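Geometric and topological summary
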Amino acid sequence: MTISPERVAGVEARAGKFPGPSLIPALNAIQARLGWLPREELEELAREVRRPRYEIEGLISFYPHFRTTPPKKVQLSVCHDLSCWLRSGDDRIAEIKAKYGQDTDVELVEVSCLGRCDVAPAAAVNEHPTPVSEVDNLVTSARGEGVGHASASRRAEPWPNDPYPAGYGVAERYKSLRAFLAGEISAESIVATLKDSGLRGMGGAGFPTGQKWGLVAAAQPGTVKYAICNADESEPGTFKDRQILADQPHLVLEGLLLGMAVVGAEEGWVFIRHEYGPEEHVLREEIAALREAGVIGADACGSGKRLQLDIFVSPGGYILGEETALLECMEGHRGEPRNKPPFPGNYGLHGRPTLINSVETFADVPVILQRGAEWWAEQGVGESVGWKFFAVSGHVQNPGVYCVPMGTTVRELIDTAGGVLDGAEVGAVQPGGASSNFIGPDQLDLQLDFGTLAKAGTMLGSGALVVLAEGTDLLAASTNVLRFFRNESCGKCVPCRVGSTKAHTLLRGVLDSGSTLDEAQRGKILQLEEAMRKTSICGLGQVALGPVVSVLGLDKGGGSGTSAAQAGRIEGTARTLSGREFFTTRTVAEALAGFRPAHRTGVEEVALSAALHRVPAADILSPQALPGFAKSTVDGFAVRAADTYGASEGLPSYLDLIGSVRMGEAPTVSVKPGGLRRDADRWRGSRRRRRGRHGRVHGRDHARNDRGDKAGGAGWRHRPCR
Ligand SMILES: Cc1cc2nc3c(=O)[nH]c(=O)nc-3n(C[C@H](O)[C@H](O)[C@H](O)COP(=O)(O)O)c2cc1C
Ligand code: SF4
Ligand code: FES
């Protein structure tokens, strides 16, 4: 039986989401032009693209970068995550708050990792990244002539992995791509070379790259495919992709183009976090040079093949680095991870097979193809293969990005970064970014590679080594990490959303009271960790409590380290705990017995004289002429309750009758004096018609309180929710 893309398992869950081009680039453009998203612009956008306002509201409310109020003159964001916290970030934040907290020109926000952990504590003024020490100067500039554009910080010497000598341009680089397009090497041989090289994905999961390319190449032959470079790195301590993008855009793009060519994709994107503006600029210049040289375009290198590259700027949020959340975002939905399977290689962007690799993985591909799988394997230490970029931060003398042979030990990498700050001893290390479990000072001779770290109960993760000096409060450090995950949880699944909040509240209480965790509290943390690890949809929830658990074997105050044996003991304890129920379970019958249709959550009453722009909930016998009922709660576009996911969470609305408006058009029903408007019948009739045409029903609702005032809505009353 042939399975069409629409029948792939998991597709059902996405039914009802809006088709059509993503609105995120348009929202990005408005915000870039005006600094925020004014209501009038959103209404115009909705009309232009014939999409409902509530869809747009749903997007905006998900993505932290979008703002619906005008910015102040100075946007000051200060990072409060681990690497910055370790460099006295909290003290600097307190000083900044004392100085600018009441300043009417300044909007001060604490934010998650800015990807500038090498200059920790890090901040950004009007999106211009900076160490906190430079904030005053930038604030002064922002009040005056502006902060200007930041340029990417680039390394003077070439990196040891680069097969192309310094000074080469587009004409001399992209050799493997040219060879492929000229028919000198085949897709099969590229996949075979990648398999031989032992290259694994550097985005965290470590999936074998050759195998992934082979799978996507073989998926659904003849169909449209896509390739995406994941440049969303946002995990505290992780900034090596930023450096690779700045210094080796040619390798990243050649890898991406090779990926496209091998799997049969004509279109490829770099999905980049919006805080990487300087690096985005570098990429755009390289893409322009590729176009200019005819390496990409309708006839790439004269091969007759079409290869197009573009950049998709993320509207914010760590979760978008998760590949299916990234796809949801690119499709123009809220960036919530999908259930897997199906995996993106089979069912990716717009349901098409999609190759997704991280920045470093793509950059490694041309290195391997130019220098050979054998050469690559020889670069690693012992059984490890290749070069590896690490971001090193925290309590080290020289935080920064280092490219070392895979298999280098933790101790050697710390030494390469100048050793521990002020000659202190190591207290603990997070070897693979915020998701990785802490290891102790007795584990510094561990080799940094996938297998060794996994055996030791931690992971290579995102290639971010964060060093904590002896005496650092490890419980506080791991609670800081947990706060990051709690803040960045997309909220789609309960274990992650609730579990991370519960655990953080518990730990924060312990830290604030200056006490230590008692046995019951340890048990609770272990219970939550187990529930989250086993039942969360995506990696965020699955690992969020791991770092905390990894330090539970330590005395608060640090020093003794967590060994693999300790980590095992902790997990063993978790397994033997009794009474670890996290949710009450019900039979289907019990669940259905408790099921009620959606509730009306905010039906307002309004005097007819003030009914302008509202869609009535009941029949109206009008004593006077009434103008058109042009608007519903979600701004003039009739919707049904189920479609208000997101918008309905934020708005006191309930859409219980179906509007007769066309998508993107306001209704223009008016009522003559003495006229009767039988809404229910009319709308129900139109509901049937509309369901047939669009596969979804458009309803209506009642105006928001805040809009009631604008439309002269005196007399608004809320009925309590049923
Ligand atoms: C919460 C979360 C965040 C992630 N963030 C990133 C990221 O910023 N960059 C990245 O390449 N992969 C990230 N990943 C992994 C991606 O889902 C995916 O596995 C990866 O991009 C595949 O590329 P690779 O095979 O080259 O590693 C993240 C995963 C999770 C669960
Ligand atoms: S685990 Fe957390 S971040 Fe991942 S889908 Fe669930 S709620 Fe969202
Ligand atoms: S910039 Fe602060 S933790 Fe990364």
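Procedures and definitions
- Residues numbered from 1 in each chain as written.
- Chains lettered and ligands numbered in written order.
- Predicted model: local features only at pLDDT ≥ 70, side-chain atom pairs only at ≥ 80, totals over all residues.
- Heavy atoms only, no water.
- Near = heavy atom within 4 Å.
- Nonpolar A, V, L, I, M, F, W, Y, C, P; charged D, E, K, R; others polar.
- Pairing = 2+ DSSP bridges.
- Helix = DSSP H or I, 4+ residues; strand = E, 2+ residues; numbered from the N terminus.
- Axes fitted to C-alpha atoms, helices over the stretch in contact; angles between N-to-C directions.
- Phe/Tyr/Trp six-rings, centres within 6.5 Å; stacked < 30°, edge-to-face > 60°.
- Buried < 20%, exposed > 50% of the residue type's maximum accessible area, 1.4 Å probe, protein only.
- Contact = heavy atoms within 4.5 Å.
- Polar contact = N/O pair within 3.5 Å; in protein donor to acceptor, adjacent residues only side chain to side chain.
- Salt bridge = Lys/Arg side-chain N within 4 Å of Asp/Glu carboxyl O.
- Parallel < 35°, antiparallel > 145°, perpendicular 65-115°, else oblique.
- Expected span 1.5 Å × (residues − 1).
- pLDDT = per-residue confidence, 0-100.

1. Focus on the site of ligand 2
- What surrounds ligand 2 is a group of 13 residues, the closest being C490, K492, C493, C496 and C538.
- Taken together, the residues that form the shell around ligand 2 break down as 8 nonpolar, 4 polar and 1 charged.

2. Regarding the sheet that holds strand β6 (residues 267-273)
- Read across the open sheet, the 4 strands follow the order β7-β6-β5-β8; overall the sheet is parallel. Across the chains shown, the open sheet's two edge strands, defined by having one partner strand only, are β7 (308-314) and β8 (354-358). Averaged over all adjacent pairs, the angle separating strand axes in this sheet is 20 degrees, with direction ignored.
- Two elements, strand β5 (residues 226-231) and β6, share 6 bridges in a ladder whose sense is parallel. Each residue of the ladder has a partner; that of N230, found in β6, is F271.

3. Things to note about the packing of aromatic side chains
- Under the counting rule described, the total for this entry stands at 9 aromatic pairs.
- Relative to F66, the ring of Y63 lies with its centre 6.1 Å away and its plane at 85 degrees, an arrangement referred to as edge-to-face.
- Among the residues examined, F66 registers a relative accessible area of 6% and is labelled buried.
- Relative to F312, the ring of F271 lies with its centre 5.5 Å away and its plane at 10 degrees, an arrangement referred to as stacked.

4. Some thoughts on the environment of K97
- Among the structural elements, K97 can be located in helix α5 (residues 89-100).
- C-alpha of K97 to C-alpha of E110: the two residues are 13 residues apart in sequence and 10.0 Å apart in space.
- Those residues in contact with K97 that lie beyond four places of it in its chain are L108 and E110.
- A polar atom in the side chain of K97 sits 2.7 Å from the side chain of E110.

5. Points about the pattern of salt bridges
- What the rule picks out here adds up to 27 salt bridges.
- Residue E360 pairs with K240 through a salt bridge whose shortest N-O separation is 2.8 Å. Pair noted here: E360 is in helix α14 (residues 359-371) and K240 is in helix α10 (residues 240-247), with a separation of 120 residues, a long-range link.
- In this structure E360 comes out as buried when scored by relative accessible area, which is 0%.
- Residue classification places K240 among the buried residues on the basis of a relative accessible area of 1%.
- Among the charged side chains, a salt-bridge network with shared partners connects K240, D241, E360 and K388.

6. A few points about the site of ligand 1
- Taken together, 18 residues lie around ligand 1, and G203, K212, N357, S358 and T361 are the ones closest in.
- One of the backbone nitrogen or oxygen atoms of M202 is found 3.3 Å away from an oxygen atom of ligand 1.
- Secondary structure elements with two or more residues in the shell around ligand 1: β8 and α21 (539-543).
- Take the shell around ligand 1: its biggest share by element is 3 residues, from β8.
- Partitioned by chemical class, the residues of the shell around ligand 1 number 5 nonpolar, 8 polar and 5 charged.

7. Some remarks on the environment of G491
- On the secondary structure map, G491 appears in the loop between α18 (474-488) and α19 (494-513).
- Among the residues examined, G491 registers a relative accessible area of 19% and is labelled buried.
- The spacing of G491 and E336 is 155 residues in sequence and 8.2 Å in space, taken between C-alpha atoms.

8. Observations regarding the packing of helix α8 (residues 187-197) against helix α9 (residues 209-218)
- Where α8 meets α9, the axes come as close as 7 Å, and the angle between the chain directions of the two elements is 155 degrees. Considered as vectors, α8 and α9 are oriented roughly antiparallel to each other. Contact residues: α8 offers I190, V191, L194 and K195, while α9 offers T209, G210, Q211, W213 and G214.

9. Overview of the pairing of strand β9 (residues 387-394)
- Burial runs high along β9: 8 of the 8 residues are buried.
- Burial along β9 is two-sided: the face carrying W387, F389, A391 and S393 and the face carrying K388, F390, V392 and G394 are both buried.
- With 6 bridges connecting them, β9 and strand β10 (residues 400-405) associate as antiparallel partners. Looking at the pairing, K388 lines up with V404 of β10.
- Following β9, the chain reverses through 5 residues before pairing antiparallel with β10.
- Pairing of β9 with strand β12 (residues 464-469) involves 4 bridges; the strand directions are parallel. Each bridged residue has a counterpart across the sheet, and for A391 the counterpart in β12 is A464.

10. Let's talk about helix α12 (residues 277-292)
- Across its 16 residues, α12 extends 22 Å between first and last C-alpha, which sits within 8% of the 22 Å expected from 1.5 Å per residue.
- Considered for burial, the residues of α12 that qualify are P278, E279, E280, V282, L283, E286, I287 and L290.
- Where α12 is buried, its residues meet α10, α11 (249-263), β6 and β7.
- Phi for G294, located one or two positions after α12, is positive at around 75 degrees.

11. Considering the pairing of strand β3 (residues 122-125)
- Of the two faces of β3, both are covered, the one formed by A122 and A124 as well as the one formed by A123 and V125.
- For β3 and strand β4 (residues 128-131), the ladder comprises 4 bridges, and the chain directions are antiparallel. For A124, the partnering residue across the bridge sits in β4 and is P129.
- Two successive antiparallel strands, β3 and β4, enclose a turn made up of 2 residues, where N126 displays a positive phi of approximately 45 degrees.

12. Description of the confidence of the model for the protein chain
- Mean pLDDT over the protein chain stands at 80; residues scoring 70 or higher make up 74%.
- In the predicted structure, residues 554-586 sits below a pLDDT of 50 and forms 62 contacts with residues beyond four places in sequence or in another chain.
- Within the model, pLDDT remains below 50 along residues 594-603, and this stretch shows 20 contacts once partners closer than five positions in the same chain are excluded.

13. Some words on the side chain of E55
- Relative to the elements of secondary structure, E55 occurs in helix α3 (residues 53-62).
- Overall, E55 belongs to the buried group, its relative accessible area being 8%.

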